[in-house]
Amino acid sequence: MPEGKIIKALSGFYYVLGDEGIVQCRGRGVFRKNKITPLVGDYVVYQAENDQEGYILEVKERKNELVRPPISNVDQAILVFSAVEPDFSTNLLDRFLVLIEYNHITPIICISKLDLTDENLRVKLEQYAEDYRKAGYTVILTSSETELGIDKLAPYLEGEISVFAGQSGVGKSSLLNVLRPDLDLKTDDISSHLGRGKHTTRHVELIEVGNGLVADTPGFSSLEFTDIEAEELTYCFPEIATESEKCKFRGCLHLSEPKCAVKAAVENGEIPIYRFDHYKDFLQEIKERKPRY
Ligand code: GDP
Ligand code: ZN
């Protein structure tokens, strides 16, 4: 039986990209019985009725599953943060990073609008970029205006399912337009930003960009830590996770526990203080979260 990937779901049809091109499939009744709703991003086994139509027989196990937008098997998130307009914020960046790490998605940090920076700000951003690289992240400085860094970003999309994430106005649509000019996504106009206004019904579609697939709707529209437990937060900060292996106590939250390797690493400057501050802020937020029943 042929296999493929659902790249679009609309009006009860699933559009499956297989070796022979795109086949319009219906789900089998069995999915409704088992409460499996096929998602865009799913790897499926299908049965072709003819060249264009078929049935989905099986949904393969998912690597991950996002709710907003509804999409599965996301490999990476291109996390776009502008240097200015809006101003670069490590707090917001760390919030996105935690959620992305928690979903087992690889983040690529993209600092955009570099053409709008002065020397001073560039030095500061380079320092941040170094900090995040040291923590293990890929950081690319870009400009859709001058096409700075586009050649570095493009290869990362190859063969992967990516979502773009980041605040409104940071330049996600502009980057996609540079990566694939015929997309011609509207920019700046609030109602027609990436993933809004263009479609009346709420659906996601994977579009081909630079030898990879990219969701046409930005990921991580909710930035709440609804599922993360306090003990799990350490693992959403890679450099804190690494140091925590040397903490005296298992389950150390790096607050007032003795012989905490994380606090020691912050004190001797190995872990940037702002990263640790955000860890503590988020931990507090998780602890104050109302229990769910
Ligand atoms: P999105 O909401 O993240 O999709 O952001 P847009 O791509 O719509 O960009 C928001 C605004 O920033 C638009 O006015 C763009 O023209 C502008 N913009 C985006 N990228 C750049 C850039 O690299 N340089 C400059 N100067 N402006 C940019
Ligand atoms: Zn500790």
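Placed above this text is the structure.
Residues numbered from 1 in each chain as written. Chains lettered and ligands numbered in written order. Predicted model: local features only at pLDDT ≥ 70, side-chain atom pairs only at ≥ 80, totals over all residues. Heavy atoms only, no water.

Caption draft 1: Representation of unusual backbone geometry in the model. That bond from E85 to P86 is cis: its omega, -10°, falls within 30 degrees of zero. By the element assignment, P86 lies in the loop between strand 8 (76–82) and helix 2 (90–102). Although it is not a glycine, N73 adopts a positive phi angle of roughly 55°. As for its placement among the helices and strands, N73 is situated in the loop between strand 7 (71–72) and strand 8. Exposure remark for N73: the relative accessible area of 4% places this residue in the buried category. One non-glycine residue, K259, lies in positive phi territory at about 50°. (Helix = DSSP H or I, 4+ residues; strand = E, 2+ residues; numbered from the N terminus. Buried < 20%, exposed > 50% of the residue type's maximum accessible area, 1.4 Å probe, protein only.)

Caption draft 2: Region of the structure containing the environment of K172. Locating K172 in the fold gives a position in helix 5 (residues 172–179). Taking the relative accessible area as the measure of exposure, K172 reaches 8% and is therefore buried. The spatial distance from the C-alpha of K172 to the C-alpha of C110 is 9.8 Å, given a sequence separation of 62 residues. A polar side-chain atom of K172 sits 2.7 Å from the main-chain carbonyl oxygen of Q167. (Polar contact = N/O pair within 3.5 Å; in protein donor to acceptor, adjacent residues only side chain to side chain.)

Caption draft 3: Main features of the site of ligand 1. Of all residues adjacent to ligand 1, which total 17 residues, the nearest are D115, S144, G169, S173 and S174. A distance of 2.8 Å separates a nitrogen atom of ligand 1 from a polar side-chain atom of D115. Take G169: an N or O atom from its main chain is 2.7 Å from an oxygen atom of ligand 1. The fraction of the free accessible surface of ligand 1 (580 Å²) that becomes covered by protein chains is 85%. (Near = heavy atom within 4 Å. Areas by Shrake-Rupley, 256 points an atom, 1.4 Å probe, with all protein chains shown as cover.)

Honestly, that's just the spatial picture; any functional story needs more than this.
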